[in-house]
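Observations on the model geometry
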Amino acid sequence: MNLVFLARQLANVASTTTAHINDDRVFFGMQLARRLPGPASRLVGHTLGCVPGDAGQAASAWLLGQEAKAKRLVSNSLTPSRLLGEIALNLGLLDEAEGIAASVAGAAALSSRIRWTKGQLDEAIDVLPDGARRTRLVDERLCLQPGWWPTVTSHVTARRSRAAKTDSTSSTSVETNRPAALHVLTNSLPHTRSGYAYRSHAILTTLQDAGHRVVAATRPSYPVTIGRVSSGPVETVDGIDYLRQVPLRPLPTPSARLSDQADWLATQAQERGAQVLHTTTHYVNGLATGAAAHAAGLPWVYEVRGVLEETWAAGGSTPVEREARRASQRFELMRDKEIEVATAADAVITLGETMREHLIAGGVPAETITIIPNSVSEAVVNADVSRIPAEVRAGLGLPEVGIWVGTAASIVGYEGLGDLVDSVILARTQGTDLRLLIAGDGIALPELRERAAILGENAVFTGRVSQAEAIEYQLGLDVIVVPRKNEQVCQLVTPIKPIEALGLGRPVIISDLPALNELVPESAGVRVAPGDPNSLAEALSELACNDGARIRYGKNGREHVLATRRWKDIGQRYGQVYSQLMEVGAV
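This is a predicted model, so every value here is computed, not measured. (Residues numbered from 1 in each chain as written. Predicted model: local features only at pLDDT ≥ 70, side-chain atom pairs only at ≥ 80, totals over all residues. Heavy atoms only, no water.)

Comments concerning unusual backbone geometry
Condition: What counts as a helix is a DSSP run of H or I of at least four residues, what counts as a strand is a run of E of at least two, and both are numbered from the N terminus.
Of note, the amide linkage connecting Tyr222 to Pro223 takes the cis form, showing an omega dihedral of 10 degrees. Counting through the fold element by element, Pro223 comes out in the loop between strand 2 (214-218) and strand 3 (234-237). Here Thr281 and His282 are connected by a cis peptide whose omega angle stands at 20 degrees. On the secondary structure map, His282 appears in the loop between strand 5 (276-280) and helix 13 (283-296). Phi is positive for Ser221, close to 75 degrees, though the residue is something other than glycine. As for its position among the elements, Ser221 is in the loop between strand 2 and strand 3.

Now the structure itself:
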């Protein structure tokens, strides 16, 4: 552990905490309680349950995962308060939150957050008095305006030619077909274990194995922002260096932070002899990376892994709210900014054909876009798929009997896992011995647990698991289900989970959506109408009764993945994109 860097991170925490407390004690305290480790958060919840009043009781239920009870307490309360309004907002009860904000003195901050959540940026700013919060929101809106990019200071002077062929830090010649790359990431291993982090690490490892020099930099103040500390300014995972930029005191506005990040990235690129900069969605990463690349005279790549505005819109609690979000100022600004950033990049990478068509429709030149789909790691390839699911379950301490269905995923609303729960309940009432297993964590987990309570011991929720554990749990399933909702984000974005499921030799049921249909051939799984638990229950029951079909689908899926979706093969395409950029720059 680098003690100097540890002290720097602790100073960052102290500075950030002080700013949050001064900004809004109620909001900060509530968010802190929710983000504490599970046992500590539950202890706070039980303690608040002893406090009289609707706010304390609702906060207790919210922290203990009893969301139905918390919603009921908020909706029926006759004693509004700031705390109750914040809980209502976090539960997605926007009408109730607005009513509370209107009836409580000094609730301008709450009113602003409600409007910001709805995508009404101008209104969110207008309700605030002059001060740090208003300044911050005005600045965040500025960063979304067309044409705004961070400013890099003049200390970046030794610009590198795009045709550069030698490492500035050594006399070793760099082959033009093996350019050195600096990747700019939102998060990374070992602190974040998400699909995003694993894909990033797989790309970096594949490039390094192919002879490229690679290094990655994470966003400012990471991993302090997620409650973790880095062992030093550089952390190495499997031979990949991850650079950490942790300022003593974070700058107060988004534009200042982005300009500071762009300065730092330009310097890192020069010091490490980078010839290409490569970043991922969303636009904040793109703004900092594009500005740094311009300052350093380097080409840059924007990798579109998601559709930010559609993901945000899908977070609405009701269909009406989701449509309102899609019609909002925030949605329009985010959509336009994403297209602006993608258009400004020298090359764009995305995951599938539906996402490529979305970018082209927005105005991104087709000739700049390369599709590099999600693929599977060697951990999936090397998994022992010869074991039958019942055997794997025995090793996990789960019952061998029954047909187990489920998934390993981030638990958010648009994943449609509530429909999966309902389908299992339906199938069991009709006599099929289905059991449910869901591995993972997310904001929708408490509600999902409540929904599945009727299944008793026939529903298992593991919570957050490692990649190795996720693989083992999926191997214990007879059928893996990806029941995504019919939301625009689900129609466009190709997730990695179906590919992993196919690679593990298990039959897959997917929602009949363009992005999912791209991933799962008909020979490897079944498609059902999204948002239809009855159709899903029927498909699950049919597979439950057909051992041969399950085996056949699983075999076909694994063969498809091994032939077309291995990182060691797919990852080579990144090097090809880099080499093409170098050739263009050398002209």
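Past the structure itself, the notes keep going.
Quick look at the pattern of salt bridges
Where charged atoms from two side chains of opposite charge approach closely, those side chains can pair. The condition is simple: Think of a salt bridge as a Lys or Arg side-chain nitrogen and an Asp or Glu carboxyl oxygen that are within 4 Å of each other. The rule is simple: take the accessible area with a 1.4 Å probe, protein chains only, and divide by the maximum for that residue type; under 20% is buried, over 50% is exposed, in between is partly exposed.
Going through the model one piece at a time under the given rule, you end up with 34 salt bridges. The partner of Arg136 in a salt bridge is Asp23, and the shortest N-O contact between them spans 3.3 Å. Remark: Asp23 occurs in helix 1 (residues 3-23) and Arg136 occurs in helix 10 (residues 132-143); sequence separation between them is 113 residues. Note on Arg136: relative accessible area 25%, which makes it partly exposed. When its relative accessible area of 28% is taken as the criterion, Asp23 is described as partly exposed. When the shortest N-O distance is used, the salt bridge between Glu522 and Arg527 registers 3.5 Å. The exposed category is assigned to Glu522, whose relative accessible area is 60%. Linked by salt bridges that have partners in common, Asp23, Asp24, Arg82, Glu86, Arg113, Arg133 and Arg136 make up one network.

Regarding the environment of Val577
Applicable threshold: In what follows, residue pairs with any heavy atoms lying within 4.5 Å of each other are defined as contacts.
Relative to the helices and strands, Val577 is located in helix 29 (residues 572-586). Given the relative accessible area of 5%, Val577 is considered buried. A sequence separation of 254 residues divides Val577 from Glu323, and the C-alpha atoms of the two residues are 37 Å apart. The residues touching Val577, leaving out its near neighbours within four places in the chain, are Val301, Ala347, Ile349 and Thr370.

Focus: the pairing of strand 7 (residues 347-350)
So the rule is basically this: Note on pairing: two strands pair once DSSP finds at least 2 bridges between them. Here is how to tell: hold the view so the strands point away, follow the path from the first strand over the helix to the second, and if it runs clockwise the crossover is right-handed.
Because side chains alternate across strand 7, one face comprises the buried residues Ala347 and Ile349, and the other comprises Val348 and Thr350, equally buried. Looking at chain direction, strand 6 (residues 300-304) and strand 7 are connected through 4 bridges and run parallel. Within strand 7, the position partnered with Val304 by the bridge is Thr350. Note: strand 7 against strand 8 (residues 369-371), 3 bridges, orientation parallel. By the bridge assignment, Ile349 is partnered in strand 8 with Thr370. Once you follow strand 7 into helix 17 (residues 353-362) and on to strand 8, the crossover reads as right-handed.

As for the packing of helix 2 (residues 25-35) against helix 6 (residues 82-90)
Filter applied, for reference: Comment: axis = line fitted to C-alpha atoms, over the contacting stretch for helices; angle = value between 0 and 180 degrees taken between N-to-C directions. An angle counts as roughly parallel when it lies under 35 degrees, as roughly antiparallel when it exceeds 145, as roughly perpendicular when it falls between 65 and 115, and as oblique in every other case. For a crossing to be left-handed, the near helix must be turned anticlockwise from the far one by less than a right angle; the clockwise case is right-handed.
Contact pair helix 2 / helix 6: the axes reach a minimum separation of 10 Å and the direction vectors enclose 50 degrees. Relative to helix 6, the element helix 2 is oriented oblique. Considering how the two elements wind past one another, helix 2 and helix 6 form a crossing that is right-handed. Across the interface between the two elements, Val26, Phe27, Met30 and Gln31 of helix 2 pack against Arg82, Leu83, Glu86, Ile87 and Asn90 of helix 6.

As for helix 6
With 7 of 9 residues buried, helix 6 is to be regarded as a mostly interior element. Of the residues flanking the end of helix 6, it is Gly92, one or two places downstream, whose phi is positive at about 80 degrees.

Description of the sheet that holds strand 8
The mixed open sheet is built from 8 strands, whose spatial order is 3-4-2-1-5-6-7-8. In the strand order of this sheet, the two ends are held by strand 3 and strand 8, each with one partner. Neighbour-to-neighbour, the strand axes of this sheet turn through a mean angle of 25 degrees, independent of strand direction. Relative to strand 4 (residues 240-243), strand 3 runs antiparallel, the two being bridged by 4 bridges. The partner of Val237 across the bridge, within strand 4, is Ile240. Packing of helix 17 onto the sheet brings it into contact with strand 6, strand 7 and strand 8, and relative to strand 8 it is tilted by some 170 degrees.

Things to note about the nonpolar core
The nonpolar side chains of soluble globular proteins are, as a tendency, buried together. The criterion, for reference: Residue types Ala, Val, Leu, Ile, Met, Phe, Trp, Tyr and Cys, when buried and joined through side-chain atoms within 4.5 Å, form a set referred to as a nonpolar core.
Counting 85 residues, the largest nonpolar core has Leu182, Leu265, Leu277, Tyr302 and Val348 as the members making the most contacts within it. Element by element, the count of residues in this core is highest for helix 13, at 7 residues. Once residues lying within four places of it in the same chain are set aside, the contact partners of Leu265 are Leu182, Val184, Ala217, Ala288, Thr289 and Ala292. Ile403, Leu445, Leu455 and Leu540 belong to the second-largest nonpolar core, a separate cluster that totals 31 residues.

Re the packing of helix 10 against helix 12 (residues 254-271)
Heads up, the condition is: Any residue that is not Ala, Val, Leu, Ile, Met, Phe, Trp, Tyr, Cys, Pro, Asp, Glu, Lys or Arg is counted as polar, Gly included; the first ten are nonpolar and the last four charged.
Orientation of helix 10 relative to helix 12, taken along the N-to-C sense of each, is 55 degrees, at an axis distance of 7 Å. Between helix 10 and helix 12, the interaxial angle falls into the category oblique. In this structure, helix 10 contributes Arg136, Asp139, Glu140 and Cys143 to the contact, and helix 12 contributes Pro254, Ser255 and Leu258. Residues belonging to the contact of helix 10 with helix 12 are distributed by class as follows: 3 nonpolar, 1 polar and 3 charged.

Quick notes on the packing of aromatic side chains
To keep things clear, this is the line we draw: Ring pairs are drawn from Phe, Tyr and Trp, using the six-membered ring of Trp, whenever the two centres fall within 6.5 Å, and their geometry is named by plane angle: stacked under 30 degrees, edge-to-face over 60, tilted for the rest. Think of it as a cone above the ring: NZ of Lys or CZ of Arg counts as a charge over the ring if it is within 6 Å of the ring centre and within 35 degrees of the ring normal.
Enumeration according to the criterion identifies 2 aromatic pairs in this entry. Taken together, the ring pairs connect Trp149, Trp300 and Tyr302 into an aromatic cluster. Cation over ring: Arg113 sits above Phe27, and NZ or CZ is 4.0 Å from the ring centre. Its guanidinium or amino end placed over the ring of Tyr553, Arg552 lies 5.5 Å from that ring's centre, counting from NZ or CZ.

Points about the confidence of the model for the chain
Applicable threshold: You can read pLDDT as the predictor saying how much it trusts each residue, on a scale of 0 to 100.
Here the chain averages 92 in pLDDT, and 95% of its residues register 70 or above. Here residues 157-176 is modelled with pLDDT under 50, and outside its nearest four sequence neighbours on either side it reaches 44 contacts, counting other chains as well.

So, the pairing of strand 10 (residues 434-439)
Where a strand is regular, its side chains alternate between the two sheet faces. The buried count for strand 10 comes to 6 of 6 residues, which makes it a mostly enclosed element. Residues Leu434, Leu436 and Ile438 line one face of strand 10 and the alternating positions Arg435, Leu437 and Ala439 line the opposite face, and both faces are buried. Two elements, strand 9 (residues 403-408) and strand 10, share 6 bridges in a ladder whose sense is parallel. Across the sheet, the residue bridging to Val405 is Leu436, located in strand 10. Read as a crossover between parallel neighbours, the route from strand 9 over helix 20 (residues 417-429) to strand 10 is right-handed. As paired strands, strand 10 and strand 11 (residues 459-463) are joined by 4 bridges and run parallel to one another. Its bridge partner lying in strand 11, Leu437 is registered against Val460. On the question of chirality, the crossover connecting strand 10 to the parallel strand 11 by way of helix 21 (residues 445-451) is right-handed.

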